[in-house]
Amino acid sequence: MHGQVPPNGLSSGQGVQLIPLPLHGGQVRAVMQYFAGAPEPFIDLSTGVSPFAYPLVWPPLAKLHCLPEEGEEWALQQVAATAYGVHGPEMVVSGAGSQSLIALLPRLLGVQNACVLGPTYSGHQQAWQSYGVPCAVVEHLWQVQQAARQAGTVCVICNPNNPDGRLLDVQTLAALAQQCAQVGSWLVVDEAFADFGNQSVASLLPHPALVVLRSFGKTYGLPGVRLGFLLATPELAHHARTLQGSWPVGAVALAAGQQALVDTQWLRQAGQQARTAHHRLVDALQKAGFECRGQSTLFTLVTVADAYALWVHLCRHGIVTRRFAEQPHWLRFGLPASESAWHRLERALAAWSGGEPVA
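Remember, predicted model here, so these are calculated numbers, not experimental data.

1. Comments concerning the environment of proline 234
- One can find proline 234 in helix H8 (residues 234–244).
- Since its relative accessible area comes to 27%, proline 234 is described here as partly exposed.
- Between the alpha carbons of proline 234 and leucine 335 there is a distance of 37 Å; along the sequence they are 101 residues apart.
- When residues no more than four places from it in sequence are discounted, the contact partners of proline 234 are Glu90, Met91 and Pro206.

Structural data, given as structure tokens:
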């Protein structure tokens with residue numbers, strides 16, 4: 001089945017990317033409109049969102065009839081400070097998803113140059129370039145360390161990295177933050193996928209050169225809530241809140257954060273479920289002959305000679321994965337959310353590799 005072709009019959013080996021590539025994961029309906037007859041329900045493995053959603057108790061409708069109170073946001077910052085291991089709520093900035101806080105960074109930090117360790121989440125480069133800040137995407141840590149020696153530079157590292165799961169240890173990042181502090185530069189560490197691991201630099205705060213980003217929706221399986229956090233010194237956090245203006249998060253996000261972030265037992269259980277599912281995913285992919293990369297629990301990247309052909313093959317089975325225009329040999333898989341989804345994925349992988357279908 002390795003010779004599967006795009007819907008119009010042209011071989012993907014011709015280098016023609018005929019189906020539009022979504023900017024991010026998701027957008028399943030937009031993708032699957034090109035695959036009439038694919039089995040439903042469609043299975044979305046194109047994001048790194050946990051399939052284990054927090055059992056949120058939604059706020060009463062009356063809460064939506066009024067604007068959030070300042071005390072409610074402060075209470076959210078308090079539970080977030082405890083959850084992420086910083087000294088107090090004055091070091092926490094809540095926002096409508098970590099993407100909104102990424103977009104805030106150019107206004108907040110006021111730098112002349114940006115250096116992003118890639119390949120990685122494209123939103124970082126886009127944020128700096130949209131604000132007119134030259135942004136270099138480099139592939140080696142030594143290049144970031146070199147950029148950190150230049151005053152007025154921000155260095156951005158996703159840890160664990162998306163999409164390849166690269167993970168840097170806290171000691172390495174601490175040394176880089178100190179290097180930035182010595183010359184008046186910044187280190188931004190995006191820990192969107194860090195909640196199920198033990199590698200976080202948040203405990204280094206307050207640090208004069210360090211900013212940490214955390215995502216709520218990915219870990220708690222509630223991306224539609226739109227909630228994220230920026231962690232920094234009290235002074236920088238205050239400045240960020242001033243730039244945001246009033247009511248940066250709504251009543252649903254306030255309720256979700258206050259409930260979920262204090263539920264440490266659920267987080268431990270979800271982490272174990274995710275690790276078990278990750279092992280199952282890696283095992284299925286390796287049995288199909290793929291090389292798996294990375295150390296992130298919520299997704300796995302595979303290297304395959306023609307990722308586009310595999311992507312099409314999976315779409316024809318009603319399964320949407322994440323492909324990358326600039327990395328034609330990469331395909332990223334999230335975690336299936338049900339046994340029926342697992343079985344369909346395992347059957348599709350068996351069909352691709354030429355093995356027997358999974359019962």
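2. Some words on the sheet that holds strand E4 (residues 135–138)
- In space, the seven strands of this open sheet follow the order E2-E8-E7-E6-E5-E3-E4, with mixed pairing throughout. Pairing within the sheet leaves two strands with one partner each, and these edge strands are strand E2 (92–95) and E4. Across the sheet, the mean angle from the axis of one strand to that of its neighbour is 20 degrees, orientation sign disregarded.
- Where E2 lies against strand E8 (residues 228–231), four bridges are found, and the strand directions are antiparallel. If you follow valine 93 over to E8, its bridge partner there is leucine 230.

3. As for the sheet that holds strand E13 (residues 330–334)
- The antiparallel open sheet is built from four strands, whose spatial order is E9-E10-E13-E12. Of all the strands in the sheet, the pair left with one neighbour each is strand E9 (291–293) and strand E12 (322–323).
- Lying over the sheet, helix H11 (residues 307–316) contacts E12 and E13, oriented at roughly 35 degrees with respect to E13.

4. Let's talk about the nonpolar core
- Within the largest apolar cluster, 90 residues are counted, with the highest numbers of intra-cluster contacts made by Phe229 and Phe333.
- Per-element accounting of this core gives the leading share, eight residues, to H11.
- Once you skip the residues sitting within four places of it in the chain, phenylalanine 333 turns out to touch Leu45, Leu281, Leu285, Leu298, Phe299, Thr300, Val302, Leu310, Leu314, Thr321 and Leu345.
- Formed by 25 residues, the second largest nonpolar core is a distinct cluster that contains Leu101, Leu109, Cys135 and Ala232.

5. Observations regarding the pairing of strand E6 (residues 186–190)
- Among the five residues of E6, five are classified as buried, and the element is accordingly described as predominantly covered.
- Residues Trp186, Val188 and Asp190 line one face of E6 and the alternating positions Leu187 and Val189 line the opposite face, and both faces are buried.
- For strand E5 (residues 153–158) and E6, the ladder comprises five bridges, and the chain directions are parallel. The residue of E6 that forms the bridge with cysteine 158 is aspartate 190.
- Two strands pair when backbone bridges link them, and E6 and strand E7 (residues 210–215) are joined in this way by four bridges, in the parallel orientation. Across the sheet, valine 188 pairs through a bridge with valine 211, a residue of E7.

Cut-offs and rules
- Residues numbered from 1 in each chain as written.
- Predicted model: local features only at pLDDT ≥ 70, side-chain atom pairs only at ≥ 80, totals over all residues.
- Heavy atoms only, no water.
- Helix = DSSP H or I, 4+ residues; strand = E, 2+ residues; numbered from the N terminus.
- Buried < 20%, exposed > 50% of the residue type's maximum accessible area, 1.4 Å probe, protein only.
- Contact = heavy atoms within 4.5 Å.
- Pairing = 2+ DSSP bridges.
- Axes fitted to C-alpha atoms, helices over the stretch in contact; angles between N-to-C directions.
- Core = buried A, V, L, I, M, F, W, Y, C linked by side-chain atoms within 4.5 Å.

All quantities given are derived from atomic positions and should not be read as evidence of function.
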